[in-house]
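Analysis of the macromolecular model
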Amino acid sequence: MGDVAMTVPVLRAFVRQHQGVKITVVSRPFFQPFFDEIPNVSFFAVDLNGRHKGTMGLFKLYADLKKLNIDAIADLHNVLRSIVLRNLFALGGKKVAYTDKGRAEKKALTRAENKIFEPVKSMVERHVETFKNLGFYIDLMNPVFPDKAKLPDEILKIFGEKNNLHWIGIAPFAQYESKVYPLDLMQKVIDELANNTTHKILLFGGGKKETELLHTLAADKNNVIVVAGKVKFLQELQLISNLDVMLSMDSGNAHIAAMLGVKVVTLWGATHPYAGFKPFNQPYENCLTADRTKYPLLPTSVYGNKTVQGYEDVMRTISVDDVVAKINSNLA
């Protein structure tokens, strides 16, 4: 999800700076709402469970896309499926470019020995380079974000009018445990923020287990509301666009909030914003990282899927007071 969200600011800038060019985004149907409001961008939903499933499905996808009279291919994913697809277009005489994910630089950042602890090029910058290789220059210096979404009545009935309240989003989960702030500490963060009656806290997550944990974190507080299970994905995006700040792990929610122009505070455990996944247009000061003095091997993973013995509690070095202070400073 985060990978797709990081393409959105690039495409927004592209269509403003190259208004005579039409873009077709090819992805899973779930992600279509990310692109609905971008002019000159259409969406082609890939049917990975039906027509476009498997190897033969890839050839059918190529045949379907050929009908769109595409002039060039920008492969922003660079995985096996997209590599095959772009090569088919290249054999057909189309110009293609792909995003170099910088795997060697990221490996140098996360390895235990001879670690090179310095920022690698962000994924957003890498996508810009991909379009440059197709002959399209993109300037991201002054990004333009969409207006805050108008919330429909059915949403307002659940969450109420914003009025003069600060809306704080919290997404406390991530794909891997090494990227999740301990729930006992997150409970203290929520309790502290909820003590301020000008705050309304919206908790984001998905799935039965996460939803149950979110209700525990809400702990019957009037100004803490669980979003999970109450709205559809598009409505969730509308809610996020109205937040004043989002607190997130290194996860897709951080990138979704960033693509909508919302301030984002992120917490980093085994991973690190230097690996190129810092949310778009957010300062490094908003990225709270675990203590490398105590845990010098950090970061130990690019995506959080690798664990190192003795590094299970690295996130406990990010204090509750620091998290609350950072959120409040972004609300000031």
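Each remark here, short or long, concerns the structure printed above.
The following refers to the structure shown. From a predicted model like this one, the values you see are computed outputs, not experimental measurements.

Rules behind the numbers
Residues numbered from 1 in each chain as written. Predicted model: local features only at pLDDT ≥ 70, side-chain atom pairs only at ≥ 80, totals over all residues. Heavy atoms only, no water. Axes fitted to C-alpha atoms, helices over the stretch in contact; angles between N-to-C directions. Helix = DSSP H or I, 4+ residues; strand = E, 2+ residues; numbered from the N terminus. Parallel < 35°, antiparallel > 145°, perpendicular 65-115°, else oblique. Left-handed = near helix turned anticlockwise from the far one by under 90°. Contact = heavy atoms within 4.5 Å. Nonpolar A, V, L, I, M, F, W, Y, C, P; charged D, E, K, R; others polar. Salt bridge = Lys/Arg side-chain N within 4 Å of Asp/Glu carboxyl O. Buried < 20%, exposed > 50% of the residue type's maximum accessible area, 1.4 Å probe, protein only. Core = buried A, V, L, I, M, F, W, Y, C linked by side-chain atoms within 4.5 Å. Phe/Tyr/Trp six-rings, centres within 6.5 Å; stacked < 30°, edge-to-face > 60°. Expected span 1.5 Å × (residues − 1). Arc of directions from axis to C-beta.

**As for the packing of helix α8 (residues 183-194) against helix α9 (residues 208-218)**
- For the pair α8 and α9, the least separation of the axes is 9 Å and the interaxial angle reads 45°. Taken together, α8 and α9 sit at an angle that is classed as oblique. Between α8 and α9 lies a crossing whose hand is right-handed. Two secondary-structure elements touch here, α8 through L183, M186, Q187 and I190 and α9 through L213, T216 and L217.
- Counted by class, the contact of α8 with α9 contains 5 nonpolar, 2 polar and no charged residues.

**Some remarks on the pattern of salt bridges**
- Counted by the stated rule, this structure contains 8 salt bridges.
- A salt bridge links E105 to R126, with the shortest nitrogen-to-oxygen separation between them at 3.7 Å. Taken together, the positions of E105 in helix α5 (residues 103-110) and R126 in helix α6 (residues 123-133) put the pair 21 residues apart, joining distant regions of the chain.
- Residue class for E105 comes out partly exposed when judged on its relative accessible area of 38%.
- Residue E129 is joined to K121 by a salt bridge in which the shortest nitrogen-to-oxygen separation is 2.6 Å.
- With relative accessibility at 37%, the residue E129 sits in the partly exposed group.
- Taking the relative accessible area as the measure of exposure, K121 reaches 34% and is therefore partly exposed.

**Side note on unusual backbone geometry**
- At the junction of L298 and P299, the peptide bond is cis and its omega measures out at -5° in the coordinates.
- As for its position among the elements, P299 is in the loop between β10 (287-289) and α12 (320-331).
- Located in the positive-phi region is N69, a residue other than glycine, with phi close to 55°.
- In this fold, N69 is placed in the loop between α3 (54-66) and β3 (72-75).
- One non-glycine residue with positive phi stands out, namely N163, at about 50°.

**Description of the nonpolar core**
- The biggest cluster of nonpolar side chains holds 52 residues, and the ones touching the most others in it are F34, F35, F159, L202 and I256.
- Here this core gets 6 residues from one element, more than from any other, and that element is helix α2 (residues 8-17).
- With sequence-adjacent residues up to four places away left out, F34 is seen in contact with M1, V4, A5, V8, F233, L237, I256 and M259.
- Core analysis: the second largest hydrophobic core is formed by 33 residues, L185, V189, L214 and A228 among them.

**Points about the packing of aromatic side chains**
- Taken as a whole, this structure holds 14 aromatic pairs when the rule is applied.
- Ring centres of F14 and F131 lie 5.1 Å apart, and the angle between their planes is 50°; this geometry places the pair in the tilted category. Taken as a pair, F14 in helix α2 and F131 in helix α6 lie far apart in primary sequence, 117 residues in all.
- Using a relative accessible area of 7% as the deciding quantity, one classes F131 as buried.
- An aromatic cluster is present here, built from F30, F31, F34, F35, F43 and F233 joined pairwise through their rings.

**Some words on α12**
- End to end, α12 covers 17 Å across 12 residues, agreeing with the expected 16 Å (1.5 Å per residue, within 8%).
- Among the residues making up α12, those that are buried are V320, V323, V324, I327, N330 and L331. Buried residues in α12, looked at end-on, bunch into an arc of 130°, giving them a common side.
- Packing partners of the buried residues in α12 comprise β5 (166-171), α8, β6 (199-203), β8 (245-249), β9 (263-268) and β10.

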